[in-house]
Amino acid sequence: MSILDILMVILRIFMILVGVGLLIFVHEFGHFIVAKWARIKVEVFSLGFGQAIFKFRKGETEYRLSWIPLGGYVKMAGESHLSEESTGAPYEFISKPPLTRIKVFAAGALMNFLFAFPLCIGVYLLGIDFPYPSVGQVMPGSAEAQAGMKPGDIIVSVDQVPIKTMDKYRTKIISVQAGTAVPVAVLRDGQEVILSLVSRGIKEQTFGIQVRANIIVQVEKDSPAARAGLKVGDEIMAINDDRVYSSADLKKIRDNPGQKLNFDIRHSDKTMVSYQITPVLTDYYDLEIDENMLTPILKVAPNGPADKGGMKDGDKIVRINDQSIVSWRQLVAVVQANPEQSLKVVVERHGQETVLPSVIPEQDDNGLGYFQIELTAIVGEVTSGSPLDEAGLQTGDEVLKVNGMKINSLLEIQPIMTIKKLKQLELEIERNGSRHILNVEPRLKKQGGIGIGSILNPKMRLQKYPLTKIHKAIAAGVKETLDLTVLTFKLFKKVFSKKERGALKRGVSGPVGIAYFSYKIVESGVSRFLWILALFSINLAILNLLPIPILDGGGILFTVIEKIKGSPISVKVQIISQYIGLAMLLSLLLLATYNDVFYNIWRF
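What counts, and where the lines are drawn
- Residues numbered from 1 in each chain as written.
- Predicted model: local features only at pLDDT ≥ 70, side-chain atom pairs only at ≥ 80, totals over all residues.
- Heavy atoms only, no water.
- Helix = DSSP H or I, 4+ residues; strand = E, 2+ residues; numbered from the N terminus.
- Buried < 20%, exposed > 50% of the residue type's maximum accessible area, 1.4 Å probe, protein only.
- Contact = heavy atoms within 4.5 Å.
- Core = buried A, V, L, I, M, F, W, Y, C linked by side-chain atoms within 4.5 Å.
- Axes fitted to C-alpha atoms, helices over the stretch in contact; angles between N-to-C directions.
- Parallel < 35°, antiparallel > 145°, perpendicular 65-115°, else oblique.
- Nonpolar A, V, L, I, M, F, W, Y, C, P; charged D, E, K, R; others polar.
- pLDDT = per-residue confidence, 0-100.
- Left-handed = near helix turned anticlockwise from the far one by under 90°.
- Pairing = 2+ DSSP bridges.
- Polar contact = N/O pair within 3.5 Å; in protein donor to acceptor, adjacent residues only side chain to side chain.
- Phe/Tyr/Trp six-rings, centres within 6.5 Å; stacked < 30°, edge-to-face > 60°.
- Salt bridge = Lys/Arg side-chain N within 4 Å of Asp/Glu carboxyl O.
- Expected span 1.5 Å × (residues − 1).
- Bend = angle between axes of the 7 residues up to and from the residue.
- Patch = residues over 30% accessible without salt bridge, like charges linked within 9 Å, V, L, I, M, F, W, Y side chains within 5 Å.
- Areas by Shrake-Rupley, 256 points an atom, 1.4 Å probe, with all protein chains shown as cover.

1. Details of the overall build of the protein chain
1) Next: Helices and strands together make up the secondary structure of the protein chain, namely 17 helices and 30 strands.
2) Next: Among the 604 residues that make up the protein chain, the fraction classed as buried is 44%.
3) Next: For the protein chain, the proportion of contacts with a sequence separation of at least 24, taken over those separated by at least 6, is 64%.

As structure tokens, then:
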């Protein structure tokens, strides 16, 4: 990693910290300004946490700039009936009428909600790319596949709501109640077709489709593509009359060196042109890793289906329902075909066969079964005469590192070699308790190529408004904020719905997942980062209004009860409630972290 790469990582992490801190600061600022309006004495208003860098006093309030830039806090006089410093003075928080206190409690969430509007408006002023709702691939067994969706379909509407981007399709589908059939209109060969798609809810539903990707990313100088006139940004519509939906459809180029192929190309100016291009032989390096090298020897995720069924790290799956299992690919095929079905699994453990009478695969987002196990880097049958065989790799060896990089699976070796453009590999292996170094020379092979690489990008819709049309940016930003708010409410409802059984377990992400997701968003650009901040701000607003003690919503609930009964809730009840609220939030945090670490990382 270069110095520039390191600096970019630091910058992105700093942006995330500042962004999250800004959301918390805005929340606390809401409490501050309403408290001041209500003539409540605010003793401290701090930008940041921890030791103050500098501070000053103006009137009754001490203003601080503190070292930890993760938001801020407001300290009001007489904040609760539990405060030992409360004197009953008229400027104290608990001395104010219930309605006034409710306004102070609600002000933080309101500010977070209002803050999402300028963030979304900024998104459309800077410009943001959204992928067109054009279908590239449909995953077998997915809700979309069962509804009859096909590659090449253009999604027009969901439940009569117009769909202009794939993002809008996803947010619309995921908000539909599990088990509900929703009409999805697609444009197919110029005709509108209505499909009935049954939502699988948060527990299982992500999306069983991939966006169409057929745009050329690179054109090498003096290559057949360059000589023919292809340019970056051109769309490959078809090769020999076979439509191109994804990078996988470039296989026809790789498999036909020396044979003239017909390319239907749509240029950026929308003109359609046909080219005849002959792929030439290009070099690539191959390790000839056969599927039989990938042994079904397991690494088992804690509390996953395999773990619950009795599997252990190091087990080798021998049979499933009396069907012999000899390769990883075969194992995956059997498990995927049997979601939520009880399977009789025989494993080899410490040299002896052990029968596990009931192992039940869970169902993933595409309707396929999974065990929550990972492939290990233990070698099965080595292909005779392959580069790895010639280097001395043997059955039972465990590959630990490739050119100093730790790996977890044999499937990681070829991509490392290709990405790093390595012509020689150094494998560190463990054999019978001892470590050895093997030097491998990948085999030089030829395949067809026209000089456009192996990656195609999806078509994107840029939504951007100049300052001269700021009214349109405001309108788009307001609509986006309201749409995100409605979506967030729907998702909160689904998470706690009986019909979405398991949604709470799978649909909640914690600090680990949020940090990872935020980092990926920051990599996509500033406008995407503003968009995710707006979403987080709305979530923060709604979460804080939940009637849970220690949250603002809990304070509102206690105040309403006090107004109804005519006196404050007893100190004992308040203390117990605070502990209960804290326990609930900690439990939710632990569940979310568990989801991030085990469910999201371990799934295969």
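2. Comments concerning the nonpolar core
1) Next: Ranked by internal contacts, the top residues of the largest apolar core, which has 25 residues, are Leu119, Val123, Tyr124, Ile128, Leu484, Trp531 and Ile532.
2) Next: Taken together, the elements giving at least two residues each to this core come down to helix 1 (3–37), helix 2 (98–126), strand 3 (128–131), helix 12 (470–495) and helix 15 (526–544).
3) Next: A per-element tally of this core places helix 15 first, with 10 residues.
4) Next: Beyond its immediate sequence surroundings of up to four residues, Tyr124 is in contact with Phe130, Gln463, Lys464, Tyr465, Ala473, Ala476, Gly477 and Glu480.
5) Next: In terms of nonpolar packing, the next biggest core, distinct from the first, is built from 21 residues, Leu287, Met293, Val382 and Ile407 among them.

3. Section: the packing of helix 2 against helix 16 (residues 552–565)
Packed helices, taken two at a time, are described by the angle between their axes plus the distance between the axes.
1) Next: Where helix 2 meets helix 16, the closest approach of the two axes is 9 Å, and the angle between their N-to-C directions is 170 degrees. Our classification of the angle between helix 2 and helix 16 gives roughly antiparallel. Every residue of helix 16 that contacts helix 2 at Pro98, Arg101, Ile102, Phe105 and Ala106 is listed here: Asp552, Gly555, Ile556, Thr559, Val560, Glu562 and Lys563.
2) Next: Among the residues making up the contact of helix 2 with helix 16, the classes are represented as 6 nonpolar, 2 polar and 4 charged.

4. Description of the confidence of the model for the protein chain
1) Next: When pLDDT is averaged across the protein chain, the result is 82; 85% of the residues are at 70 or more.
2) Next: Predicted confidence for residues 599–604 stays below pLDDT 50, and this span has 26 contacts to residues more than four positions away or in other chains.

5. A word on the packing of helix 2 against helix 15
1) Next: Where helix 2 meets helix 15, the axes come as close as 8 Å, and the angle between the chain directions of the two elements is 165 degrees. Taken together, the axes of helix 2 and helix 15 lie roughly antiparallel to each other. At the point where helix 2 passes helix 15, the crossing takes the left-handed sense. On helix 15, the residues touching Ala109, Asn112, Phe113, Phe115, Ala116, Leu119, Cys120, Gly122, Val123 and Leu126 of helix 2 are Val526, Ser527, Leu530, Trp531, Leu533, Ala534, Ser537, Ile538, Leu540 and Ala541.

6. Structural notes on the sheet that holds strand 6 (residues 161–162)
Across a sheet, strands are paired by hydrogen bonds formed along the backbone, either parallel or antiparallel in direction.
1) Next: If you trace the 4 strands from one edge of the open sheet to the other, you get 6-5-7-8, paired in antiparallel fashion. Taken across any chain shown, the strands that pair with only one partner, and hence form the sheet edges, are strand 6 and strand 8 (191–198).
2) Next: Of the strands in this sheet, strand 5 (154–158), strand 6, strand 7 (181–188) and strand 8 touch helix 4 (residues 166–174), which is tilted by about 40 degrees from strand 5.

7. Points about the sheet that holds strand 27 (residues 434–440)
1) Next: Overall, antiparallel pairing links the 4 strands, which are arranged 25-24-26-27 in an open sheet. Looking at the sheet topology across the chains shown, the edges are occupied by strand 25 (405–406) and strand 27.
2) Next: Judged from the 7 bridges that link them, strand 26 (residues 425–431) and strand 27 form a sheet pairing that is antiparallel. The residue bridging Glu430 from the neighbouring strand is Arg435, located in strand 27.

8. Concerning the side chain of Asp397
1) Next: Residue placement: Asp397 occurs in the loop between helix 10 (387–391) and strand 24 (398–402).
2) Next: Residue classification places Asp397 among the buried residues on the basis of a relative accessible area of 1%.
3) Next: At a separation of 2.7 Å, a polar atom in the side chain of Asp397 contacts the side chain of Arg431.

9. Observations concerning the packing of aromatic side chains
1) Next: With the rule as written, the count across this model stands at 11 aromatic pairs.
2) Next: Both rings, one in Phe25 and one in Phe29, keep their centres 6.1 Å apart while their planes meet at 25 degrees; by these two values the pair is stacked. Here Phe25 and its partner Phe29 are both found in helix 1, 4 residues apart, which amounts to about one turn of the helix.
3) Next: For Phe29, a relative accessible area of 30% puts it in the partly exposed group.

10. With respect to the pattern of salt bridges
1) Next: Within the structure shown, the criterion is met by 20 salt bridges.
2) Next: Between Lys75 and Glu43 there is a salt bridge, and its shortest N-O distance comes to 2.6 Å. Taken together, the residues Lys75 in strand 2 (residues 61–76) and Glu43 in strand 1 (residues 42–58) connect sequence positions 32 residues apart.
3) Next: Note on Lys75: relative accessible area 31%, which makes it partly exposed.
4) Next: Here Arg349 makes a salt bridge to Asp315, at a shortest N to O gap of 2.7 Å. Taken as a pair, Arg349 in strand 19 (residues 343–349) and Asp315 in the loop between helix 8 (305–308) and strand 17 (316–320) lie far apart in primary sequence, 34 residues in all.

11. Side note on unusual backbone geometry
1) Next: Residue Asp189 is not a glycine yet carries a positive backbone phi of 55 degrees.
2) Next: Structurally, Asp189 can be placed in the loop between strand 7 and strand 8.
3) Next: The backbone phi angle of Asp322 is positive, close to 70 degrees, even though this residue is not glycine.
4) Next: The residue Asp322 is located in the loop between strand 17 and strand 18 (323–324) in this model.
5) Next: When its relative accessible area of 62% is taken as the criterion, Asp322 is described as exposed.

12. Considerations on the environment of Val135
1) Next: Within the fold, Val135 resides in strand 4 (residues 135–138).
2) Next: Put simply, Val135 and Gln210 are 75 residues apart on the chain and 6.1 Å apart in space, counted from C-alpha to C-alpha.

13. A word on helix 2
1) Next: Its 29 residues give helix 2 an end-to-end C-alpha distance of 43 Å, which sits within 8% of 42 Å, the value for a rise of 1.5 Å per residue.
2) Next: Within helix 2, the axis deviates most sharply at Ala107, by approximately 40 degrees.

14. Let's talk about a nonpolar patch on the surface
1) Next: There is a patch of nonpolar side chains on the surface, built from Ile550, Val571, Ile575, Tyr579, Leu582 and Leu586 and spanning about 550 Å² of accessible area.
2) Next: The residue Leu586 is located in helix 17 (residues 571–602) in this model.
3) Next: You can call Leu586 partly exposed: its relative accessible area is 45%.

15. Some thoughts on helix 15
1) Next: In this model, helix 15 (19 residues) spans 27 Å end to end at C-alpha, consistent with the 27 Å of a helix rising 1.5 Å per residue.
2) Next: Counting buried positions along helix 15 yields 15 of 19 residues, so the element is predominantly enclosed.

16. A closer look at the environment of Ile53
1) Next: Position of Ile53 relative to the elements: it lies in strand 1.
2) Next: Spatially, the C-alpha atom of Ile53 lies 7.5 Å from that of Arg64, the residues being 11 residues apart in sequence.
3) Next: Excluding residues within four positions of it along the chain, Ile53 makes contact with Leu65, Ser66 and Trp67.

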